[in-house]
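Working through the structure, step by step
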Amino acid sequence: MRQVFFITTILTILLAAFLPTASVQAQSGAYDLIAEVNALRAQYGLAPYEVDGNLMASAQAHAEYMASTGQITHTRADGSTPATLGFIENIAGGMSMSASTAVHTYWTDALHWQTMVGITTGYVGAGFAEANGIYYFVLQVRRGQGGTSSNIAPPGIGTGQQVQPTQPPAIQPVMTATPGPDGSVVHEVLLGQSLWSIATAYGVRIADIIALNGLAATPVVIPGDKLVIIPAPTQTPSPTATTTGTPTPRPTRTPTVTPSPRPPTATRTATPTATPTPWLRAPDLDQDNTRRTVGITMVVVCAAGLALVGFTGLRRR
């Protein structure tokens, strides 16, 4: 087993001398991952996985796909998954993550542990890619002929616990948290959950979770940790209304109409008119003698008039 490990290391060094820098980094990361897995298998007395060219190409293509999208996912661009392609798969990603961190920190739950040490013999392929400081690892395993299930429990579960040989999805199910009253989403890490599986469940980038929570470049989360997945939206403070006292209305003054001065009217002085003296004064009827005299005079005048009228009429005949 050690010979295989040394041969793998030598091949990695030889490839580094002839391949471009980016390709060398990818190959180095992929073979580092295989070396870590095979070293782990050696600790449990298992034969190393045999490197398979097709699985290597498939794993590398998927690592580059995740790096291009910034998402850690088992689904390919064409919609295919490890279950439909006929192998089991572990994936991980993190800021400057190492192969050792992926194997011994991220993949220590039962499902991922099975991929690495769950079968006695098999074929392996690995891929590595980097984008924006995030390292993406892919490990693909296919059971070999005569391969059987191993009875190796992952760390923390208990020695001798059976790891089932079925091919369940490599992602540990994560129940997404309900947004809080302020709109933030906080996830509490449970046993068997890793940072990448949490990021996958929420559809966010691991780098964003690291930045929001101030985690180390290669963080390790443990059950009970509370991670901010979506921060509370920044609220724009509403302007505070300033209560202004209602001014007391002033009484409206009615404008006084000032009459326009009129020119003074000339006052005429009346000239006294002389009262004419009547030539015949009316008798004063207030005295008895006067009334009697007037009555007699009227009777005499009437009688004289009648006599005159009668005499005149007789004369005409």
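In what follows, the structure referred to is the one given above.
Residues numbered from 1 in each chain as written. Predicted model: local features only at pLDDT ≥ 70, side-chain atom pairs only at ≥ 80, totals over all residues. Heavy atoms only, no water.

Thoughts on the packing of aromatic side chains
All told, the structure shown has 3 aromatic pairs when counted by the stated rule. Their ring planes at 75° and their centres at 5.3 Å tell us that F128 and Y135 sit as a pair that is edge-to-face. Exposure remark for F128: the relative accessible area of 5% places this residue in the buried category. Given a relative accessible area of 22%, Y135 falls into the partly exposed group. Relative to F137, the ring of F128 has its centre 5.0 Å away and its plane inclined at 50°; by these criteria the two rings are tilted. Taken together through their ring pairs, the aromatic side chains of F128, Y135 and F137 make up a single cluster. (Phe/Tyr/Trp six-rings, centres within 6.5 Å; stacked < 30°, edge-to-face > 60°. Buried < 20%, exposed > 50% of the residue type's maximum accessible area, 1.4 Å probe, protein only.)

Details of the sheet that holds strand β2 (residues 88–95)
Sheet architecture is open: 4 strands sit in the order β1-β3-β4-β2, paired in mixed fashion. For this open sheet the edge positions go to β1 (50–51) and β2, each flanked by a neighbour on one side alone. (Pairing = 2+ DSSP bridges. Helix = DSSP H or I, 4+ residues; strand = E, 2+ residues; numbered from the N terminus.)

A look at the nonpolar core
One recurring pattern in soluble globular proteins is that nonpolar side chains are buried together. Counting 55 residues, the largest nonpolar core has W107 and M116 as its most contacted members. In this structure, M116 is in contact with V37, L40, R41, Y49, N90, V103, W107 and L139, ignoring residues within four places of it in sequence. (Core = buried A, V, L, I, M, F, W, Y, C linked by side-chain atoms within 4.5 Å. Contact = heavy atoms within 4.5 Å.)

Section: the pattern of salt bridges
For the structure on display, the rule yields 2 salt bridges. The salt bridge partner of R142 is D52, with a shortest N-O separation of 3.5 Å. Residue R142 is located in strand β4 (residues 134–143), and its partner D52 is located in the loop between β1 and α3 (53–69); the two are separated by 90 residues in the primary sequence. Judged by relative accessible area, which is 14%, D52 ranks as buried. For E89, the salt bridge identified is with R76, shortest N-O distance 2.5 Å. Residue E89 is located in strand β2, and its partner R76 is located in the loop between α3 and α4 (82–85); the two are separated by 13 residues in the primary sequence. Summarising the burial analysis for this pair, E89 and R76 share the class buried. (Salt bridge = Lys/Arg side-chain N within 4 Å of Asp/Glu carboxyl O.)

Here's the deal with the pairing of strand β3 (residues 122–131)
Successive residues of a regular strand alternate their side chains across the two faces of the sheet. Counted residue by residue, β3 has 8 buried out of 10 residues, so it is predominantly covered. Strand direction decides the pairing type here: β1 and β3, joined by 2 bridges, are parallel. Its bridge partner being in β3, V51 is matched across the sheet by V124. Taken together, the 10 bridges between β3 and β4 define a ladder with antiparallel strand orientation. What sits directly across from A126, in β4, is L139. Turn length for the β3-β4 hairpin, with the two strands adjacent in sequence and antiparallel, is 2 residues, and the turn residue N132 shows positive phi of about 55°.

Describing helix α7 (residues 195–202)
Within α7, 6 of the 8 residues are buried, which leaves it mostly tucked inside the rest of the structure. The elements touched by buried residues of α7 are β2, α5 (99–106), α6 (110–117), β5 (185–188), α8 (206–213) and β6 (226–230). A positive backbone phi angle near 70° is found at G203, which sits one or two residues after α7.

A word on the packing of α7 against α8
The N-to-C vectors of α7 and α8 enclose an angle of 105°; their axes lie 9 Å apart at closest approach. When the axis of α7 is compared with that of α8, the two are roughly perpendicular. Taking contact as the criterion, the partners of L195, W196 and A199 in α7 are, on α8, I206, I209 and I210. By residue class, the composition of the contact of α7 with α8 is 6 nonpolar, no polar and no charged. (Axes fitted to C-alpha atoms, helices over the stretch in contact; angles between N-to-C directions. Parallel < 35°, antiparallel > 145°, perpendicular 65-115°, else oblique. Nonpolar A, V, L, I, M, F, W, Y, C, P; charged D, E, K, R; others polar.)

These values are about where atoms sit, not about what they do.
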